[in-house]
Amino acid sequence: MFGKKSNVSDDAKTAELQSETAGLWGNFNRRVSEILSTNKVDLRTLPAISIQALVDTVIQAKTAVDLRVAFEKLQSTFEQARSQETLHLNQYILGLRSLLWSSLNQVMDQMSVMNKESEQLDGLRDKMVRALDSDDLLQLKLAVKDWVVLQSSMSQERKRLANETQTNYQRQLSRLQNELYLTQTELKLDGLTQVYNRKAFDSEIAKTLQIAQLSGRTSCLLLFDIDHFKHVNDTYGHPIGDKVLQHFAKLIVQNFPSRTDFVARYGGEEFVVIMSDCDLKEASEKAQRFVALLRKTTMTFGSVSLRITVSIGIAGSRSFEKTDNWIKRADVLLYQAKEEGRDCYIVDVAAA
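Residues numbered from 1 in each chain as written. Predicted model: local features only at pLDDT ≥ 70, side-chain atom pairs only at ≥ 80, totals over all residues. Heavy atoms only, no water.

Caption draft 1: Region of the structure containing the overall build of the protein. When helices and strands are tallied, the protein shows 10 helices and 7 strands. By residue count, 41% of the 352 residues in the protein fall in the buried class. Pairs at least 24 residues apart make up 75% of the contacts formed inside the protein by residues separated by at least 6 positions. Total accessible area computed for the protein in this model is approximately 20100 Å², and 52% of it derives from carbon and sulfur atoms. (Helix = DSSP H or I, 4+ residues; strand = E, 2+ residues; numbered from the N terminus. Buried < 20%, exposed > 50% of the residue type's maximum accessible area, 1.4 Å probe, protein only. Contact = heavy atoms within 4.5 Å. Areas by Shrake-Rupley, 256 points an atom, 1.4 Å probe, with all protein chains shown as cover.)

In structure tokens form, the structure reads like this:
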């Protein structure tokens, strides 16, 4: 009526699965380490990885084969993504390992519950068989009642475990996603001035130029250089020089506030602003206002008060031009502004 018992005990099957799962986990860690040392992963590809789907696959795995497929899928995903963000990937993997380890623990907990349930069911089955053999109606009624109670208890316990698992995953996923966002942001910002760094600029200008060329609309590149900045460092020291850079960066951000304005530190005392979908006239007007504002701005740091000026080169995007040429034209215009006495801006007249 209730079927025959398996020749291989559930305990033996569970032990076998646990052993193979542990082996898979160790192999997974080793292969991830190899990936970290031989591959570079592109940040932009990481958000596309569905961590929740991978976790669900692990949790729902009923055999070692299912677990192997989940781990190999994760490895394949990382192998397909390459870039120079090894530091980020290390941090990301630490969080991911923690999450997957928690998943593995949940699998083991569920197996433990299933083993306990299996033992209880086996006991009730034997009890019902004995009641049937003895034709004792009371024993049979009691056995059936116990069976119903056990089934209800098992259902409630599984529901409780499922809710706890889901809550735990959501909490860990939220933490991991927040850490990922913060890491990505930190990698894109200049540590001193907190505007975008050179790497972020290189990526942004490539996208901006491509969009400008496809749309046929002009975008402008403004290259800023603080005049006589070496004199500031030599006179007041590098700590004051750093404060000047920080204040200067803040002024640029405040005066180029549009969501289409991209502000970055190009290197040293040089900064850049990319003004998307903007003509040279508008860029020139903004540069003119900034030069005038900076000219009458006094920076005060403790007992030190000083003023600085800036030279700016402004170049508009062109069709069929590479980013290096666009930057070079802005740099030539900046150099021209320096040659003409500094404290001014020079616009690309040929393109105006």
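After that view, the rundown keeps rolling.
Caption draft 2: Expanded view of the pairing of strand E6 (residues 310-316). Judged by how many residues are buried, E6 sits mostly within the fold: 7 of 7 residues are covered. Side chains Val310, Ile312, Ile314 and Gly316 of E6 all project onto a buried face; the interleaved residues Ser311, Gly313 and Ala315 project onto the opposite face, where all are buried too. As judged from the 7 bridges shared by strand E1 (residues 220-226) and E6, these two strands associate in the antiparallel manner. Looking across to E6, one finds that leucine 222 is bridged to isoleucine 314. In this sheet, strand E7 (residues 344-347) lies alongside E6 in parallel orientation, the contact comprising 4 bridges. Pairing of isoleucine 312 across the sheet is with tyrosine 345, part of E7. Once you follow E6 into helix H10 (residues 323-339) and on to E7, the crossover reads as left-handed. (Pairing = 2+ DSSP bridges. Right-handed = clockwise from strand over helix to strand, strands pointing away.)

Caption draft 3: Molecular detail of the sheet that holds E1. Taken in spatial order, the 5 strands line up as E2-E3-E1-E6-E7 in an open sheet, and their pairing is mixed. Edge positions in the open sheet fall to strand E2 (261-267) and E7, since each of these has one partner strand only. On average, each strand axis in the sheet is tilted by 20° relative to the strand beside it, whichever way the strands run. Sheet contacts for helix H6 (residues 198-215): E1, E2 and strand E3 (270-275); angle to E2, the most-contacted strand, approximately 135°. Contacts between helix H9 (residues 280-295) and the sheet are confined to E1, E2, E3, E6 and E7, with E6 contributing the most and set at about 175° to the helix. (Axes fitted to C-alpha atoms, helices over the stretch in contact; angles between N-to-C directions.)

Caption draft 4: Geometry of the side chain of glutamate 321. Within the secondary structure, glutamate 321 sits in the loop between E6 and H10. For glutamate 321, a relative accessible area of 11% translates into the label buried. When sequence neighbours within four positions are dropped, the list of residues in contact with glutamate 321 reads Leu209, Gln213, Trp326 and Arg329.

Caption draft 5: Looking closely at the state of the cysteines. Inspection of the entire model under this criterion finds 0 disulfides. Cysteine 220 provides the cysteine sulfur closest to cysteine 278, a residue in no disulfide bond, and the two sulfurs are 4.4 Å apart. (Disulfide = S-S within 2.5 Å.)

Caption draft 6: Broad picture of the packing of aromatic side chains. Counted according to the given criterion, the structure contains 7 aromatic pairs. Judged by centre distance (5.8 Å) and plane angle (75°), the ring pair of phenylalanine 248 and phenylalanine 290 falls under edge-to-face. Of this pair, phenylalanine 248 sits in helix H8 (residues 238-255) while phenylalanine 290 sits in helix H9; the two residues are 42 residues apart in sequence, bridging distant segments of the chain. Each member of the pair phenylalanine 248 and phenylalanine 290 is classed as buried. (Phe/Tyr/Trp six-rings, centres within 6.5 Å; stacked < 30°, edge-to-face > 60°.)

Caption draft 7: Inspection of the pairing of E3 at higher detail. Burial analysis of E3 places 6 of its 6 residues in the buried class, the great majority of the element. Bridge analysis of E1 against E3 gives 6 bridges, and the strand direction is antiparallel. Looking at E3, one finds that leucine 221 is bridged to isoleucine 274. The sheet contact formed by E2 and E3 spans 6 bridges and is antiparallel. Bridged to glycine 267 within E3 is glutamate 270. Here E2 folds back onto E3 in antiparallel fashion, the turn holding 2 residues, of which glycine 268 has a positive phi close to 60°.

Caption draft 8: Representation of helix H7 (residues 229-236) within the structure. If you check which residues of H7 are buried, you get Phe229, Val232 and Asn233. Along the axis of H7, the buried residues cluster in a sector spanning 95°; they form a single face. Summarising the geometry of H7, the exposed residues directed more than 90 degrees from the buried face are Lys230, His231 and Asp234. One or two steps after H7, the chain reaches glycine 237, where phi turns positive at roughly 95°. (Arc of directions from axis to C-beta.)

Caption draft 9: Structural context of the packing of H8 against H9. Orientation of H8 relative to H9, taken along the N-to-C sense of each, is 140°, at an axis distance of 11 Å. It follows that H8 is oblique to H9 by the angle criterion. H8 and H9 meet at a crossing whose hand is right-handed. Residues Phe248, Leu251, Ile252 and Asn255 of H8 form the contact with H9, whose participating residues are Lys286, Phe290, Leu293 and Leu294. Residue composition of the contact of H8 with H9, by class: 6 nonpolar, 1 polar and 1 charged. (Parallel < 35°, antiparallel > 145°, perpendicular 65-115°, else oblique. Left-handed = near helix turned anticlockwise from the far one by under 90°. Nonpolar A, V, L, I, M, F, W, Y, C, P; charged D, E, K, R; others polar.)

Caption draft 10: Quick peek at the side chain of asparagine 233. Within the fold, asparagine 233 resides in helix H7. Of the residues examined, asparagine 233 reaches a relative accessible area of 14% and is grouped as buried. Not counting residues within four places of it along the chain, the set of residues in contact with asparagine 233 comprises His238 and Gly241.

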